[in-house]
Amino acid sequence: LARFVGGFLPQPLRGVFGGPQPTTVAGSAASGFVSRFEREYGSVHPPFVECSYADAIERCKREFKFLLVYLHSEQHQNTQPFCRQVLRSEAVIELVRENFVMWGGSVRQSEAYQASNQLRATTFPFLAVIAVLNNQPTLLDRKQGEMTVDEVLSWLVSVVDTYGPHLDAARIEAEERETERQLRSEQDQAYHQSLLNDQIREQERQEQLRRAEEEQRRAEEERIAAQRAEHLRMQQLEALQTAKAAKRGTFGPEPARGAGAVEILFRLPDGSRLSRRFLPTDSLNVVFEWVWCQEMAPNDDFVLVSSYPKRTFRRPDDVPLSLNDAQLTGHCTLFVNPVS
């Protein structure tokens, strides 16, 4: 530091953040001090923080402010005039509120007593200004004994003017570090998000490939199945045609016209026609089998339907009937209808 307040050399403080009392106990002691102070001197005074000495220093570190420490001794003769005149001064209150975090304690209490030893207080009232410089709590200056409002104001202003730029520089540096940290964090987030997006896109691409391969595999399986089914159908059809041809060879010659022969015209589902003569003693089974073995006839089950009178002949119920029994004589027409 280029210069010091009143020739005082700033002193780093050791062991500030430790202490024999838990923070909650020390905070309660600070609250008790403020309550006793206000009962004695009223509520007009600089704002004391009601926390431990170590927490007060930590707060100054976070907020880049000075810590103004006031050590109070009820027994000292200069204490009452100082509290009633200096600490109740509006100018002092305003200056402290704008630039300092103020912590106070009675040296009758353990924490304030330890602070007085650390800060080397020799008389009272006692004021000290602490700041965290280079991450180290540092005693910038102290003032003790009898003092006036003007002396305190002049001293505090001098401390602020001397060391304020250092706090400002530390705050700017911390803000720059935080900005840089946030920038790195945002860059890291953007990088990880980009990686995640790439992973999602790759997963989607792999899924699309898998689906395409699955569709291709399914289409190939369906093609092979259809090919096999068609091959089987052709084999069955070929076997059926072979069976029909063999069956056709079992029929004898067609009866001659006359002599009671029954000539039947068959109308097939595709509109084509077949005709043949049968003996009146032939059974309907002969008729059914002859129709079935014709190439244009239905391959599946079918019925024979006469138009007049309207009758339907089915297998196997009607096959034992002869044509005479079925009243099919002379020239007649039968429709060949597939059974769905």
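Here, every reference points to the structure presented above.
## Overview of the state of the cysteines
Part 1 of the argument: All told, the structure shown has 0 disulfides when counted by the stated rule.
Part 2 of the argument: Distance from the sulfur of C60, which forms no disulfide, to the nearest cysteine sulfur (C51) is 8.8 Å.

## Quick notes on the pairing of strand β2 (residues 66–72)
One face of the sheet, then the other: side chains in a regular strand alternate in exactly this way.
Part 1 of the argument: Burial of β2 is extensive: 7 of the 7 residues sit out of reach of the surface.
Part 2 of the argument: Going residue by residue along β2, you find F66, L68, Y70 and H72 tucked away on one face and L67, V69 and L71 tucked away on the opposite face as well.
Part 3 of the argument: The sheet contact formed by β2 and strand β3 (residues 100–106) spans 7 bridges and is parallel. Within β3, the position partnered with L71 by the bridge is G105.
Part 4 of the argument: For β2 and strand β4 (residues 126–133), the ladder comprises 5 bridges, and the chain directions are antiparallel. The partner of L67 across the bridge, within β4, is I130.

## A few points about unusual backbone geometry
Part 1 of the argument: Here the bond from F124 into P125 is cis, since omega is 0 degrees, no more than 30 degrees from zero.
Part 2 of the argument: Within the secondary structure layout, P125 lies in the loop between α5 (110–118) and β4.
Part 3 of the argument: Residues Y308 and P309 are joined by a peptide bond in cis, for which omega reads -5 degrees.
Part 4 of the argument: Assignment of secondary structure puts P309 in the loop between β8 (302–306) and β9 (311–313).
Part 5 of the argument: Of note in this structure, F64 is not a glycine but carries a positive phi near 55 degrees.
Part 6 of the argument: Residue position: F64 is located in the loop between α2 (53–63) and β2.

## Observations regarding the environment of V34
Part 1 of the argument: With respect to the helices and strands, the residue V34 is situated in helix α1 (residues 23–41).
Part 2 of the argument: A sequence separation of 126 residues divides V34 from V160, and the C-alpha atoms of the two residues are 25 Å apart.
Part 3 of the argument: With residues near it in sequence (within four places) discarded, V34 still touches F48 and E50.

## Some words on the nonpolar core
Part 1 of the argument: In this structure, F66, L68, Y70, V129 and L156 are the most contacted members of the largest nonpolar core, which totals 31 residues.
Part 2 of the argument: The set of elements that each furnish at least two residues to this core consists of α1, β2, α3 (79–86), α4 (90–99), β3, β4 and α6 (149–248).
Part 3 of the argument: The leading source of residues in this core is α6, at 8 residues.
Part 4 of the argument: Contacts of L156, omitting those with residues within four sequence positions, involve L68, L95, V96, F100 and V129.
Part 5 of the argument: The next biggest cluster of nonpolar side chains, apart from the first, holds 24 residues, and it includes V262, F288, F302 and L323.

About the criteria used
- Residues numbered from 1 in each chain as written.
- Predicted model: local features only at pLDDT ≥ 70, side-chain atom pairs only at ≥ 80, totals over all residues.
- Heavy atoms only, no water.
- Disulfide = S-S within 2.5 Å.
- Buried < 20%, exposed > 50% of the residue type's maximum accessible area, 1.4 Å probe, protein only.
- Helix = DSSP H or I, 4+ residues; strand = E, 2+ residues; numbered from the N terminus.
- Pairing = 2+ DSSP bridges.
- Contact = heavy atoms within 4.5 Å.
- Core = buried A, V, L, I, M, F, W, Y, C linked by side-chain atoms within 4.5 Å.

Shape is all these values report; function is a separate question.
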